[in-house]
Amino acid sequence: MEISGLISAILIGIVIGVLGRLVIPGRQRIGILWTIVVGIVAALIGTAVAAGLGVANTDGLDWGEWLIQIALAGLGVYALDRVKVRRR
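The model shown is predicted, which means the values in this text are computed figures rather than measured ones.

Engineer: Could you clarify how one ought to interpret the side chain of Gln28 in this entry?
Structural biologist: In this structure, Gln28 sits in the loop between α1 (3–23) and α2 (32–53). With relative accessibility at 9%, the residue Gln28 sits in the buried group.

In structure tokens, the structure reads:
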């Protein structure tokens, strides 16, 4: 992976993480850095899942891939929030 690919993965991860956080109702007790990390991981895993399902490369915007990534980010934010609540 080149540096431009890494930078774009981080930027996409930020967007995916924030959108995933917005999908989950209520207050989340995780910081913005954890949200970004969850977003980056969700973006990478979501791309792989979308490629496996055959919806990664379509004409125009890849809505299927975005929805998968946002759903995974939402699940990640929710799971991390539950872990943090349980530790308190």
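That was the structure; now back to the text.
Engineer: Can you walk me through the pattern of salt bridges in this structure?
Structural biologist: Once the charged atoms of two side chains with opposite charge are near each other, the side chains can pair. Under the defined criterion, the tally for this structure stands at two salt bridges. Between Asp81 and Arg29 there is a salt bridge; the shortest N-O distance is 3.6 Å. Residue Asp81 is found in helix α3 (residues 63–87), and its partner Arg29 is found in the loop between α1 and α2; the two are separated by 52 residues along the sequence. With a closest N to O distance of 3.2 Å, Arg82 and Asp81 form a salt bridge.

Engineer: Would you mind showing me how to read α2 here?
Structural biologist: The α-helix advances 3.6 residues per turn, and as a result positions three or four apart in sequence lie on the same side. The end-to-end C-alpha distance of α2 is 30 Å, a good match for the 32 Å that 22 residues give at a rise of 1.5 Å each. Buried within α2 are the following residues: Thr35, Ile36, Val38, Gly39, Ala42, Ala43, Gly46 and Ala50. Seen from one end, α2 has its buried residues packed into an arc of 155 degrees, which puts them on one side. In α2, those exposed residues whose orientation departs by more than 90 degrees from the buried face are Leu33, Ala48 and Gly52. Considering only its buried residues, α2 is in contact with α1 and α3.

Engineer: What is the right way to read the nonpolar core from this model?
Structural biologist: Across soluble globular proteins, nonpolar side chains have a tendency to be buried as a group. Counting five residues, the largest nonpolar core consists of Ile16, Ala42, Ala43, Ile70 and Ala73. Mapped onto this core, the elements with two or more residues apiece are α2 and α3. Not counting the four nearest positions on each side in its chain, Ala73 is found in contact with Ile16, Gly17, Gly20, Val38 and Ala42.

Engineer: Would you take a moment to explain the side chain of Gln69 for this structure?
Structural biologist: Within the secondary structure layout, Gln69 lies in helix α3. Looking at Gln69, the relative accessible area reads 4%, which means it is buried. Residues in contact with Gln69, not counting those within four places in the same chain, are Ile16, Ala42, Ala43, Gly46 and Thr47.

Definitions and limits used
- Residues numbered from 1 in each chain as written.
- Predicted model: local features only at pLDDT ≥ 70, side-chain atom pairs only at ≥ 80, totals over all residues.
- Heavy atoms only, no water.
- Helix = DSSP H or I, 4+ residues; strand = E, 2+ residues; numbered from the N terminus.
- Buried < 20%, exposed > 50% of the residue type's maximum accessible area, 1.4 Å probe, protein only.
- Salt bridge = Lys/Arg side-chain N within 4 Å of Asp/Glu carboxyl O.
- Expected span 1.5 Å × (residues − 1).
- Arc of directions from axis to C-beta.
- Contact = heavy atoms within 4.5 Å.
- Core = buried A, V, L, I, M, F, W, Y, C linked by side-chain atoms within 4.5 Å.

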